[in-house]
Structure formats: structure tokens, C-alpha cells
Amino acid sequence: MNLCKQGLKPTSSLHFTRQGLNNALNTPRVLRPRSRVDAGFVGDHQSSPNPRDSPLSPISRDVPHVPPPLISQEYPPRPFSSYKPIPSLNPRRLLRIYSQLSKGRLTVLNVIVAMSGVALAPANVGVPILLATAVGTTLCSAAANTTNQLLEVPFDAQMARTRNRPFVRRAISPLHGASFAAVTGIAGPAILYTFVNPLTAALGLFNVLLYAGVYTFMKRRTIWNTWVGAIVGAVPAVMGWTAAGGHIFPSASHPIQTFLPSFLTNMPALPLEAIDNPLAPAALFTLMFSWQFPHFNPLSHLMRASYAQAGYRMLCVSNPKHNGLVSLRHTALLFPICSVLVPLSGLTTWAFALTSLPINAIALNHAWKFWKQGSDKTAKKLFGTMLWHLPAILGLMMFHKQGMDWLKRIGDKSGSNDRRSRVTNVPGRSAIDCSHSFSLRLIA
């Protein structure tokens, strides 16, 4: 009003005049019945209350009436004829849905980690136990992931990343999905109990309950759900160790043993049977536990808007800077785990302490950038790095496994081939006779 008295125009795009304002103030109000829109609710959002609706407001007469916002054009809803019918469940489509319920890529990762635990164990495992461990771990993972999706249907529908899951799009009924979770949840531990051992079956059942029950419950209540999820991701490595007959609890027959480097001790080297001590599975568990954070935290950073929309309590939503710091902290912990704890437990030789340094250094570099910048680009870099970091570390651990001299094995194999070629090239003798004499010589 002062601008108008001084003959100046307002700087906004709305030009009010004295006559227009007086006409608006003198216009009688038209009373309408209150609706949901007038109450301040538009869709899922709540607007601030209108001061003119309060009977105690002294300025309600002086505020011009503002029409409420229009309802979306999608109301009334479309007719049913515009929707596509749900396709029938043939065997191929049902198998694909089961794979989606099981979170196929996550299940494959769990099986690979479990097989790594079997390969790093000192005992030799037959093919039946190896297959039973893989099948049992797959079924346990399928049961946990299916139950998780069944309990989170209302929240998955609000996230762009999960709104196409089978339960959300009604590709399968909740009863059908619950039956699939029950069958796999019973069959997985049963196979592990029957064909492997009771301890591995107990670990598999524990992991199902921890993920489907505790982790799913905590996701909407506390940020510590990420730490519980890291435990779930580390248990399959211990399952692989116990499937090969390894021990996870100290006892008189299997005490905790440490394998010091040769230049630090004058004692003779421990026998390979000493690898089966509780420190070895503890090192495996610690490695997998710390790896989960630089793997999941950058992924959650990329999905933080969806997590916030669905109401999940994630560190990337409440404190993005601390989310990057946790990733950096656990990436730095991979150095003492790989360079001290793993070879000290006897899982690998001390050469692994050196060969793992470049891989961990690359991961630490990307974790540092993710913490300092906190951008989507650095999050994608760290997430992509951790995808190849784990198989590289596990592969190096198998190469440097205690008692596994690959170079000597390769040399013996090449020497055997040379001896075979020298035998088969004897003049005047056929290759069949030479190979026969060579096989008898090996038997003798």
C-alpha cells in the first residue's frame, strides 16, 4: 500500500490497484460445505491451515477468498477396460517370478560367498556336500527375501526401485508367495541338516529369521538395521566353513592358533590341521561384515529419496555425511583384516598381506572421494568398485591358501607332460604302448 501511495509499482508480477483491492474486500463470501480439499488435504500432502477458517481470526474478513487447488485429472479413475489383465502363470513366468522373489543376484552372491568358505576350509569336501551346501544356501536366501518382500508390500509400492516387484504389481498372490517362502524356508535348513551337518542348518535358519524378522522390523525404526543386514551378509561365509567340517567355537581339540610370519618366530611351522581353529571363520566373518558397508552405503545414497518417501530409517537419509564416513571407516578396516587378521588366522600365507594392498587401496580411494564429495557420481564409482573387489579378494585368498602351492602344482603338471611326451616319442613303439607303460609306472 505504501508503494501505491508513492506512485510506485510493485516488483512482483501481480499488479494490484486500490480500486481492485477494494472490490475484492467488499465482495461477499460464498459459504460452501467443507470438503477434504478445503481441509488442507490434497492427495498425500497436507497443506497449512487457512486462517480464514478459524472463527477467532480477527483478519478473516480482510483476507480475500482463494479458491482451493483443483483435484488431479485422474479423478474419477479410469474404467476397468483400460487396464491390462494379469497374465496367467505358466512355468516359465512362474520361474521368473520365483527368481524375483528370491532376489536372484543377491542369492547368487550369498552362494558364491558360501562356496568360498568351503574352498578356504582345510578339509576336502566331496561333490554331494558341495551341491547340498549350494542348494540349501539358495533356498534359505529365497525364503528370507520372499518373506521380506511380503512384509514390505505397502512400502515397496512407494519406491521407484521396488514398485515393480511381484507382490506390488499383483503378479502373484500373497498366499502363493507365502507358500513359496514356507516351502523354501523349511527345505533349505532340512537339506543342510540331512546332507551337510546340523551346525550349518542352524546357521541357515538363523540367517532367515534374522533377515526376515529382525532386519525387516528394524528398517522403519532405527538406522542400526544396516549393521544387522551386514551380519546377514557375513553369515554365508561361516556356513561354508562349517559345511566343510570346520569349527567355529574354541575347544581343547581346536584351540585358537596364530600363524606368525617366519621372520618373527623361531618355532617350527604349525601343521595344516591347525588352520581349523575359531580364528579362521572369525576372520572370514569380519572380512564379509566390513565389506557390506562400502557396498551398500553408496547404493543407499543413490536411493535415498525413495527410502525417505517410503519412511525407512536409513543413515543416508538422516545423515548423508555420516553415511559416507561409515563407508570410509569400514573400507579402511579392510587393510588390517586382509594384511594381518587373515594370514594370522592361517587362512592364507603372508603373501596375501602384500597382494591385497593394491585392491584395498583402490577401494579406499573411492571411499574417500565418496565421503568428501557425497555426490551420486562418487557413490556409483564406489559401488562399482566393491562389486569386483570381493571376487578379487576371495580369489587371492584361494590362491594364497595355506598349504596350497599353486606354482609347485603347475610345475609338477608341466613336468608330467614333459615326461609323458618323452615316453610317447620313443622310436619303434606306439603311443598306446607308451601310455600303457607310463600308467603302470605311475601305479608302481
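Given the structure is predicted, the values throughout are model-derived calculations rather than measurements.

**Quick notes on the packing of helix α4 (residues 104-120) against helix α16 (residues 376-399)**
Then, number 1: Two elements in contact, α4 and α16, have axes separated by 10 Å at closest approach and are oriented at 15 degrees. Between α4 and α16, the angle falls in the class roughly parallel. Remark: the crossing between α4 and α16 carries left-handed chirality. Facing Leu109, Val113, Ser116, Ala119 and Leu120 of α4, the residues of α16 in contact are Leu390, Leu394, Met397 and Met398.
Then, number 2: The residue inventory of the contact of α4 with α16, partitioned by class, reads eight nonpolar, one polar and no charged.

**Section: empty space enclosed by the protein**
Then, number 1: Evaluation of the coordinates by the stated rule reveals one cavity of 30 Å³ or more.
Then, number 2: In this structure, the largest cavity spans a volume of roughly 60 Å³.
Then, number 3: Residue lining of the largest cavity: Thr226, Trp227, Phe293, Phe296, Asn297, Ser300, Met314, Leu315, Cys316, Asn323 and Val326, and that is the complete set.
Then, number 4: At the level of secondary structure, the elements contributing two or more residues to the lining of the largest cavity comprise α9 (225-243), α10 (279-302), α12 (315-318) and α13 (320-345).
Then, number 5: At four residues, α10 tops the list of elements feeding residues into the lining of the largest cavity.
Then, number 6: For the lining of the largest cavity, the residue count by class is seven nonpolar, four polar and no charged.

**Comments concerning the nonpolar core**
Then, number 1: Counting residues in each nonpolar core, the largest one holds 61 residues, and the members touching the most others are Trp241, Leu347 and Met397.
Then, number 2: Every element with two or more residues in this core is listed here: α4, α5 (127-151), α8 (198-218), α9, α10, α13, α15 (357-373) and α16.
Then, number 3: The element contributing the most residues to this core is α9, with 11 residues.
Then, number 4: Not counting chain neighbours up to four residues away, the residues in contact with Leu347 comprise Leu120, Trp241, Ile275, Ala280, Ala283, Leu284, Val342, Met397, His400, Lys401 and Gln402.
Then, number 5: In this structure, Ala142, Ala171, Ile172 and Phe180 belong to the second largest nonpolar core, which totals seven residues.

**Quick word on the pattern of salt bridges**
Then, number 1: As enumerated under the stated definition, the model contains three salt bridges in all.
Then, number 2: Among the ionic pairs, Asp156 bridges to Arg165, the shortest N-O distance being 3.2 Å.
Then, number 3: Of the residues examined, Arg165 reaches a relative accessible area of 18% and is grouped as buried.

**Re a nonpolar patch on the surface**
Then, number 1: Together, Leu260, Phe263 and Leu264 give the surface a local cluster of nonpolar side chains, amounting to about 370 Å² of exposed area.
Then, number 2: Tracing the sequence through the fold places Phe263 in the loop between α9 and α10.
Then, number 3: Using a relative accessible area of 68% as the deciding quantity, one classes Phe263 as exposed.

**Points about α9**
Then, number 1: Taking 1.5 Å of rise per residue, the 19 residues of α9 would be expected to cover 27 Å, and the 28 Å separating its terminal C-alpha atoms lies within 8% of that figure.
Then, number 2: At Ala234, α9 shows its maximal kink, close to 25 degrees; a proline, Pro236, follows between one and four residues later.
Then, number 3: With 17 of 19 residues buried, α9 lies mostly within the body of the structure.
Then, number 4: Directly beyond the C-terminal end of α9, a positive phi value near 90 degrees is found at Gly245.

**Focus: the environment of Ser179**
Then, number 1: Inspection of the secondary structure assignment puts Ser179 in helix α7 (residues 174-195).
Then, number 2: On the basis of relative accessibility, which here comes to 35%, the residue Ser179 falls in the partly exposed class.
Then, number 3: With 33 residues separating them along the chain, Ser179 and Thr146 place their C-alpha atoms 9.9 Å apart.

**Quick notes on the environment of Ala332**
Then, number 1: Tracing the sequence through the fold places Ala332 in helix α13.
Then, number 2: Taking C-alpha positions, Ala332 is 9.6 Å from Trp368, a pair spaced 36 residues apart along the chain.

**As for the packing of aromatic side chains**
Then, number 1: What the rule picks out here adds up to nine aromatic pairs.
Then, number 2: Judged by centre distance (4.7 Å) and plane angle (55 degrees), the rings of Trp224 and Trp227 are tilted.
Then, number 3: Seen from their ring centres, Tyr307 and Tyr312 are 5.9 Å apart, and the 80 degrees between their planes marks the pair as edge-to-face.
Then, number 4: Taking relative accessible area as the criterion, Tyr307 reaches 5% and is therefore assigned buried.
Then, number 5: Taken together, the aromatic side chains of Trp224, Trp227, Phe285, Phe289 and Phe293 make up a single cluster linked through ring pairs.
Then, number 6: The side chain of Lys219 reaches across the aromatic face of Tyr312, ending 4.6 Å from its centre.
Then, number 7: Lys321 extends its terminal NZ or CZ atom over the ring of Trp371, reaching a point 5.3 Å from the ring centre.

**Comments concerning α8**
Then, number 1: In this model, α8 (21 residues) spans 29 Å end to end at C-alpha, consistent with the 30 Å of a helix rising 1.5 Å per residue.
Then, number 2: Along its length, α8 shows its largest kink, about 35 degrees, at Leu210.
Then, number 3: Taken together, the buried positions of α8 are Thr200, Ala201, Leu203, Gly204, Asn207, Val208, Leu210, Tyr211, Ala212, Tyr215, Thr216 and Met218.
Then, number 4: Where α8 is buried, its residues touch α5, α7 and α9.

**Quick word on unusual backbone geometry**
Then, number 1: Even without being a glycine, Lys103 presents a positive backbone phi close to 55 degrees.
Then, number 2: Tracing the backbone shows Lys103 in the loop between α3 (91-101) and α4.
Then, number 3: In this structure, Arg170 is a non-glycine residue whose phi angle is positive, near 60 degrees.
Then, number 4: Inspection of the secondary structure puts Arg170 in the loop between α6 (153-156) and α7.

**A word on the environment of Val235**
Then, number 1: Residue position: Val235 is located in helix α9.
Then, number 2: Note on Val235: relative accessible area 5%, which makes it buried.
Then, number 3: For the pair Val235 and Val113, spaced 122 residues apart in sequence, the C-alpha to C-alpha distance is 9.1 Å.

Procedures and definitions
Residues numbered from 1 in each chain as written. Predicted model: local features only at pLDDT ≥ 70, side-chain atom pairs only at ≥ 80, totals over all residues. Heavy atoms only, no water. Axes fitted to C-alpha atoms, helices over the stretch in contact; angles between N-to-C directions. Helix = DSSP H or I, 4+ residues; strand = E, 2+ residues; numbered from the N terminus. Parallel < 35°, antiparallel > 145°, perpendicular 65-115°, else oblique. Left-handed = near helix turned anticlockwise from the far one by under 90°. Contact = heavy atoms within 4.5 Å. Nonpolar A, V, L, I, M, F, W, Y, C, P; charged D, E, K, R; others polar. 1 Å grid on protein atoms, 1.4 Å probe; cavity = no way out; pocket = protein on both sides within 12 Å on 5 of 7 lines; lining within 4 Å. Points joined across faces, edges and corners; volume = space filled by probe spheres on them. Core = buried A, V, L, I, M, F, W, Y, C linked by side-chain atoms within 4.5 Å. Buried < 20%, exposed > 50% of the residue type's maximum accessible area, 1.4 Å probe, protein only. Salt bridge = Lys/Arg side-chain N within 4 Å of Asp/Glu carboxyl O. Patch = residues over 30% accessible without salt bridge, like charges linked within 9 Å, V, L, I, M, F, W, Y side chains within 5 Å. Areas by Shrake-Rupley, 256 points an atom, 1.4 Å probe, with all protein chains shown as cover. Expected span 1.5 Å × (residues − 1). Bend = angle between axes of the 7 residues up to and from the residue. Phe/Tyr/Trp six-rings, centres within 6.5 Å; stacked < 30°, edge-to-face > 60°. Lys NZ or Arg CZ within 6 Å of the ring centre and 35° of its normal.

From the geometry alone we can't say anything about function, so treat these as descriptive.
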